[in-house]
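# Structure at a glance
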Amino acid sequence: PDGNHLQRLRELLDQLRAEREERLANSDLGGVYDEIKDQLDDIVDEERHAIENALRDAQNSGDQRRADNAEAAAQDRNMRLDLLPDALAGKVRELDSYNFESAEAKQRFEQLMEQLKEQLMQQMVDQMSGAMEQMTPEDMARMKDMMASLTALLEAHQRGEDTTEQIAEFMEEYGDFIPEN
């Protein structure tokens, strides 16, 4: 009733924001995130140009039905692009399920995703190799089992199998090996 609880909550939120900003300032991920964001923005721009070109071609074709369909598709695609989240992870997730008009934009997006996967995998391998220097023989045996399980999981994924349940089991068994699990 006296407003003290609300004031304490505001103070706590301010402290959390300050700590978050400090952690972000101390991390050296800005350049990497900025580079990825710039590449995604370029991909989105390329897609918007392809949408405009497809609409223009349909309007110039003389086929009113084709022009109407192209107009509706362009509006839908542009709206989806307008609604992309600002957050990098959200933008990647949305573009991953987006049906690109531009084959080049789609290819560039897929290449970017492959590069990110490779970078993340390399980072994980680097962290794991540093941790392996301090491992006991029992830890090494468990690591060998984890790698065999991971290999089987990746092979199943490449075959197109649904690996959702296998991933959950893997994380339950070996999640402690994964940084920031």
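Refer to the structure printed above.
These remarks concern the structure in this document. Every value quoted in this text rests on a predicted model; they were computed, and no experiment measured them.

### A look at the nonpolar core
With 20 residues, the main nonpolar core has Leu40, Leu81, Leu95, Phe100, Phe109 and Leu112 as its most contacted residues. Broken down by secondary-structure element, the contributors of at least two residues to this core are α2 (30-60), α3 (64-82), α4 (88-96) and α5 (103-132). Examining the composition of this core, we find that seven residues originate from one element, α2, more than from any other.

### Structural notes on the side chain of Glu46
Here Glu46 lies in helix α2. Among the polar contacts made by the side chain of Glu46, one reaches the side chain of Arg108 at a distance of 2.5 Å. Discounting residues that sit within four places of it in the chain, Glu46 has contacts with Ser102, Glu104, Ala105 and Arg108.

### Some words on the packing of helix α6 (residues 137-158) against helix α7 (residues 164-174)
Remark: α6 packs on α7, axes separated minimally by 11 Å, with the N-to-C direction vectors making an angle of 170°. Here α6 is positioned roughly antiparallel relative to α7, judged by the angle of their axes. Along the contact surface, α6 presents Arg142, Asp145, Met146, Ser149, Leu150, Leu153 and Ala156, while α7 presents Gln166, Ile167, Phe170, Glu173 and Tyr174. Considering only residue class, the contact of α6 with α7 consists of seven nonpolar, two polar and three charged.

### A word on the side chain of Ser102
Mapped onto the elements, Ser102 comes out in the loop between α4 and α5. Residue Ser102 is classed as buried on the basis of its relative accessible area, which comes to 9%. A polar contact is formed between the side chain of Ser102 and the backbone nitrogen of Ala105, at a distance of 2.9 Å. Leaving out residues up to four positions away in the same chain, Ser102 has contacts with Glu46, Glu47 and Ala50.

### Notes on α6
A rise of 1.5 Å per residue sets the reference length of α6, with its 22 residues, at 32 Å; its end C-alpha atoms lie 32 Å apart and thus fit the reference within 8%. Of all the residues in α6, the buried ones are Met143, Met146, Leu150, Leu153 and Ala156. Along the axis of α6, the buried residues cluster in a sector spanning 145°; they form a single face. For α6, the exposed residues lying more than 90 degrees away from the buried face are Pro137, Lys144 and Gln158. Phi turns positive one or two residues past the end of α6, at Gly160, with a value near 90°.

### Some thoughts on the pattern of salt bridges
If you walk through the whole model with that rule in mind, you get eight salt bridges. Among the ionic pairs, Asp41 bridges to Lys91, the shortest N-O distance being 3.2 Å. Placement of the pair is Asp41 in helix α2 and Lys91 in helix α4, with a sequence separation of 50 residues. For Asp41, a relative accessible area of 23% gives the class partly exposed. For Lys91, a relative accessible area of 11% gives the class buried. Note that Arg48 is salt-bridged to Asp82, the shortest N-O span being 2.7 Å. With a gap of 34 residues between them, Arg48 in helix α2 and Asp82 in helix α3 connect regions that are remote in the sequence. Overall, the relative accessible area of 23% leaves Arg48 in the partly exposed class. Here the salt bridges do not stand alone but share partners, grouping Lys37, Asp41 and Lys91 into one network.

About the thresholds
- Residues numbered from 1 in each chain as written.
- Predicted model: local features only at pLDDT ≥ 70, side-chain atom pairs only at ≥ 80, totals over all residues.
- Heavy atoms only, no water.
- Core = buried A, V, L, I, M, F, W, Y, C linked by side-chain atoms within 4.5 Å.
- Buried < 20%, exposed > 50% of the residue type's maximum accessible area, 1.4 Å probe, protein only.
- Helix = DSSP H or I, 4+ residues; strand = E, 2+ residues; numbered from the N terminus.
- Polar contact = N/O pair within 3.5 Å; in protein donor to acceptor, adjacent residues only side chain to side chain.
- Contact = heavy atoms within 4.5 Å.
- Axes fitted to C-alpha atoms, helices over the stretch in contact; angles between N-to-C directions.
- Parallel < 35°, antiparallel > 145°, perpendicular 65-115°, else oblique.
- Nonpolar A, V, L, I, M, F, W, Y, C, P; charged D, E, K, R; others polar.
- Expected span 1.5 Å × (residues − 1).
- Arc of directions from axis to C-beta.
- Salt bridge = Lys/Arg side-chain N within 4 Å of Asp/Glu carboxyl O.

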